[in-house]
Amino acid sequence: MDEYASESDSDYTSYWRDWFISSRGNEYFCEIDEDYLTDRFNLTGLNTEVQYYQYALDLVTDVFDLDCDDDMRETIESSARHLYGLVHARYIVTTRGLTKMLDKYKKAEFGKCPRVNCHSHPLLPMGLSDIPNLKPVKLYCARCEDLYNPKSSRHASIDGAYFGTSFHNIIFQVYPALIPSKSIERYIPRVYGFKVHAAAALVRWQDLKRDDMRRRLRKLEIESGFREEQMDDEEEEEEDDVEFEGVDGANTNTNMRLIEGPM
Amino acid sequence: MSTSSGTPESWISSFCALPGHEYFAEVSEEFIEDDFNLTGLQTQVAMYKEALEMILDVEPEDDEDEDEDEEDEDENESGEDADRTGMRHGAERRHHSRMASDLSVIESSAEMLYGLIHQRFICSRVGIQQMSEKYEFGHFGCCPRTHCEQARTLPVGLSDIPGEDTVKLFCPSCLDVYVPPNSRFQTVDGAFFGRTFGALFLLTFPEYDLTKRGADVLSSTNSKVPEDESILNGMFAKNIAPGLGGGHIYEPKIYGFKVSERARSGPRMQWLRDRPEVITELDEARLYHEQNPDSDEEEDESMANGRALVRRRPPGNARLRQRPNHSGSPMALSANGAESEL
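A quick note: this is a predicted structure, and the numbers were derived from the prediction, not measured.

Trainee: I'd like a description of the overall build of chain B, backed by residues and values.
Mentor: Scanning chain B for helices and strands turns up 13 helices and seven strands. Within chain B, contacts between residues separated by at least 24 positions form 63% of all contacts whose residues are at least 6 apart in sequence. For chain B, the accessible area works out to roughly 16200 Å², and carbon and sulfur atoms hold 50% of it.

This is the structure in structure tokens:
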């Protein structure tokens, strides 16, 4: 955090937003249009949320010209970052904001899904709360519809409210073509090729849930988004799988000998 | 930590100390020296004999008075340098004058061979014990999934055949696999850990309380499941994917309103992170017998005794739970191979 302040001290006359989005750790943010920032309507209610609101806004819009000491400048600087974040949450759900975030998404600038079966699907930043200072930013994968922690601690400390709880869902409503096809591919824990009973029973239960959902959707004639050919693969796989019955099941002797050494 | 009887500068310790090799256990020399454990590896690794000698820090048999050269060789990481030193000191004395290319081939063969032995070792009694210590220290990192709340992961491979895929992390809390966060692990072959280790670990150490997180885990007194916990499908019921189910599934919302399943962008993958509210719903044998009360009597009996009832004996191997201190040959423990349960 100090890093920003010292840098901006020297050249705060340059565009503050340019500097902000290009500084380390702020890769998730897009640049908010000047027009959007200067329209007071877009900032409704933020004056109570941000300390030294007017100075912070001046700083963000590059019209800051107050003579003050370093401590004061530091405070205003951090207020400006907070203000930028809060406006950012509003901006990214506007048409222009969505386009900017979409570009970043397509370049996978928010990272890629760590889940192996998602095959590096790009992620989107999101917040678990719209109220600031509650939850840090998380990353949403549209393929497995789950949330992940950012890899880097720089990103893990960003406030989730700067992205909000709605943006990543709105983007797929606005651009339905971007919805990735869903996959039933999954990891099944095995021991020497045999499924483990506890995990396999859970998988069967989950598969029933999924089939129920697909049946519901088919009845309503809604596209479920799964690639159909996978249904067949799944059935085939079921047939040749033998299950390893947990701890109380019989051991496979050939493999046991491999581990235990000759008798 | 180390059960290797070698010196700290042994090939094995230096291999395990390389960046990116943090997940590897140090395979004990006893394990490698038992030829049975290496069955079939000769055909998978080029220059097998030389590679094995390198791993065990054994000098080639026909080199007699070359201790100096060998020491130099050990200290040098790169094969090329080592070879040059060797050439300088006594090229004419050598029966096997190794070419620079030879050494680098042996080095990479040794890595491959070590990895393949490692795949077998971590499924052995001593090896899995060593991996459990690494797991306790959190050497394998934690699950990136937000709702798993930093559950500790295990390194696994998606294939047992080398060269197919890199090492992945298996999260016992959500039963899914993830790409390790650091790119240095993307050069580590998944086959060096193998497909079996992750699941076998959970069967071998069922008493790790998978619902414990972060600081709780460090105070190791309460990170074990008490023995009176209920058991289901061969595991402690509370340990079956504790990171899944109600409260651990992401529900998409727009301005506080849930996105309907009927929307095209609505949720489709929640099943993947679901788990029954009442976990006994997974007791398939009991459910089957409730629905088919008059099915085959004889089978009925044995099934009911085996699975449907809550067993008194906790899952897992009782002997392993006592954590024996042996680090010797895996042979030593099984006087009667037939009773081995691992």
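Trainee: Before we move on, could you go through the overall build of chain A and cite the residues and values that matter?
Mentor: Counting its regular elements, chain A contains twelve helices and six strands. Within chain A, the proportion of its 263 residues that are buried is 53%. Within chain A, residue pairs in contact and separated by at least 24 positions form 63% of the contacts whose partners lie at least 6 positions apart. Accessible area of chain A: about 12500 Å², with a carbon and sulfur share of 50%.

Trainee: Go over helix H7 (residues 125-136) of chain B, please, and point to the residues and values.
Mentor: Residue and element names in this part refer to chain B. Between its terminal C-alpha atoms H7 stretches 17 Å, which fits the 16 Å expected from twelve residues at 1.5 Å a residue. Among the twelve residues in H7, ten count as buried, and that is most of the element. Residues of H7 that are buried: Arg125, Val126, Gly127, Ile128, Gln129, Gln130, Met131, Ser132, Lys134 and Tyr135. Where H7 terminates, the next one or two residues include glycine 138, which has phi positive at roughly 70°.

Trainee: Could you give an account of the sheet that holds strand S3 (residues 176-178) of chain B, with specific residues and numbers?
Mentor: Residues and elements named next belong to chain B. Strands sit in the order S1-S2-S3 across an open sheet of three strands; the sheet is antiparallel. Only two strands of the sheet have a single partner each, and these edge strands are strand S1 (154-156) and S3. Shown here is a sheet whose adjacent strand axes are inclined to one another by a mean of 40°, direction ignored. Across three bridges, the pairing between S1 and strand S2 (residues 168-171) is antiparallel. Bridging from a neighbouring strand, leucine 154 pairs with phenylalanine 170 of S2. Relative to the sheet, helix H8 (residues 197-204) contacts S1 and S2, its axis offset from that of S1 by approximately 140°.

Trainee: Go over the domain arrangement of chain B, please, and point to the residues and values.
Mentor: All names here are of chain B. Domains assigned within chain B are domain 1 (10-60 + 100-122) and domain 2 (129-294). Taking only C-alpha atoms into account, the centre of domain 1 sits 31 Å from that of domain 2. Taken together, the contact pairs 17 residues of domain 1 with 19 residues of domain 2. Of the roughly 1600 Å² buried between domain 1 and domain 2, counting both surfaces, carbon and sulfur atoms make up 66%. In terms of surface lost to domain 2, no three residues of domain 1 exceed Tyr23, Gln119 and Ile122, which account for 48% of the buried area on that side. Between domain 1 and domain 2 we count one salt bridge in total. Where arginine 184 meets glutamate 22, a salt bridge forms, and the shortest distance between an N and an O atom there is 3.2 Å. In this assembly, domain 1 and domain 2 are joined by eight residue pairs in polar contact (both at pLDDT 80 or more). Its residues assigned to classes, the side of domain 1 that touches domain 2 shows eight nonpolar, six polar and three charged.

Trainee: Just give me the short version of a negative patch on the surface, but keep the residues and values in it.
Mentor: Among the surface-exposed residues, Asp69(A), Asp70(A), Asp71(A) and Glu74(A) lie close enough to one another that they form a single negatively charged patch. Examined against the element boundaries, Asp70(A) turns out to sit in helix H6 (residues 70-91).

Trainee: Lay out the packing of aromatic side chains in plain terms, naming residues and giving numbers.
Mentor: Inspection of the entire model under this criterion finds 35 aromatic pairs over all chains. By way of ring pairs, the aromatic residues Trp16(A), Trp19(A), Phe20(A), Tyr28(A), Phe29(A), Tyr84(A), Phe110(A), Tyr162(A) and Phe163(A) are connected into one cluster. Its guanidinium or amino end placed over the ring of Trp271(B), Arg210(A) lies 4.6 Å from that ring's centre, counting from NZ or CZ.

Trainee: Tell me about the packing of helix H5 (residues 53-60) of chain A against H6(A), and name the residues and values.
Mentor: All names here are of chain A. Two numbers describe how H5 lies on H6: the axes approach to 8 Å, and their chain directions differ by 75°. Accordingly, the angle class assigned to the pair H5 and H6 is roughly perpendicular. Taken together, the residues of H6 that come into contact with H5 (itself represented by Tyr53, Tyr55, Ala56, Leu57, Leu59 and Val60) are Met72, Ile76, Glu77, Ser79, Ala80, Leu83 and Tyr84. The residue inventory of the contact of H5 with H6, partitioned by class, reads eleven nonpolar, one polar and one charged.

Trainee: I'd love a proper account of the interface of chain B and chain A, names of residues and values included.
Mentor: Counting residues at the interface gives 71 residues for chain B and 70 residues for chain A. When chain B packs against chain A, close to 6300 Å² is buried across both sides, 59% of that on carbon and sulfur atoms. Ranking the residues of chain B by area buried against chain A places Tyr250(B), Arg268(B) and Trp271(B) at the top, with a combined share of 13%. On inspection of chain B and its partner chain A, the count reaches six salt bridges. Of the charged contacts, one joins Arg145(B) and Asp146(A) as a salt bridge, the two residues approaching to 2.6 Å between their closest N and O atoms.

Calculation rules
- Residues numbered from 1 in each chain as written.
- Chains lettered and ligands numbered in written order.
- Predicted model: local features only at pLDDT ≥ 70, side-chain atom pairs only at ≥ 80, totals over all residues.
- Heavy atoms only, no water.
- Helix = DSSP H or I, 4+ residues; strand = E, 2+ residues; numbered from the N terminus.
- Contact = heavy atoms within 4.5 Å.
- Areas by Shrake-Rupley, 256 points an atom, 1.4 Å probe, with all protein chains shown as cover.
- Buried < 20%, exposed > 50% of the residue type's maximum accessible area, 1.4 Å probe, protein only.
- Expected span 1.5 Å × (residues − 1).
- Pairing = 2+ DSSP bridges.
- Axes fitted to C-alpha atoms, helices over the stretch in contact; angles between N-to-C directions.
- Domains from an automatic or database assignment.
- Buried area = accessible area lost by both parts, 1.4 Å probe.
- Salt bridge = Lys/Arg side-chain N within 4 Å of Asp/Glu carboxyl O.
- Polar contact = N/O pair within 3.5 Å; in protein donor to acceptor, adjacent residues only side chain to side chain.
- Nonpolar A, V, L, I, M, F, W, Y, C, P; charged D, E, K, R; others polar.
- Patch = residues over 30% accessible without salt bridge, like charges linked within 9 Å, V, L, I, M, F, W, Y side chains within 5 Å.
- Lys, Arg positive; Asp, Glu negative; His and termini not counted.
- Charge placed at Lys NZ, Arg CZ, Asp CG, Glu CD.
- Phe/Tyr/Trp six-rings, centres within 6.5 Å; stacked < 30°, edge-to-face > 60°.
- Lys NZ or Arg CZ within 6 Å of the ring centre and 35° of its normal.
- Parallel < 35°, antiparallel > 145°, perpendicular 65-115°, else oblique.

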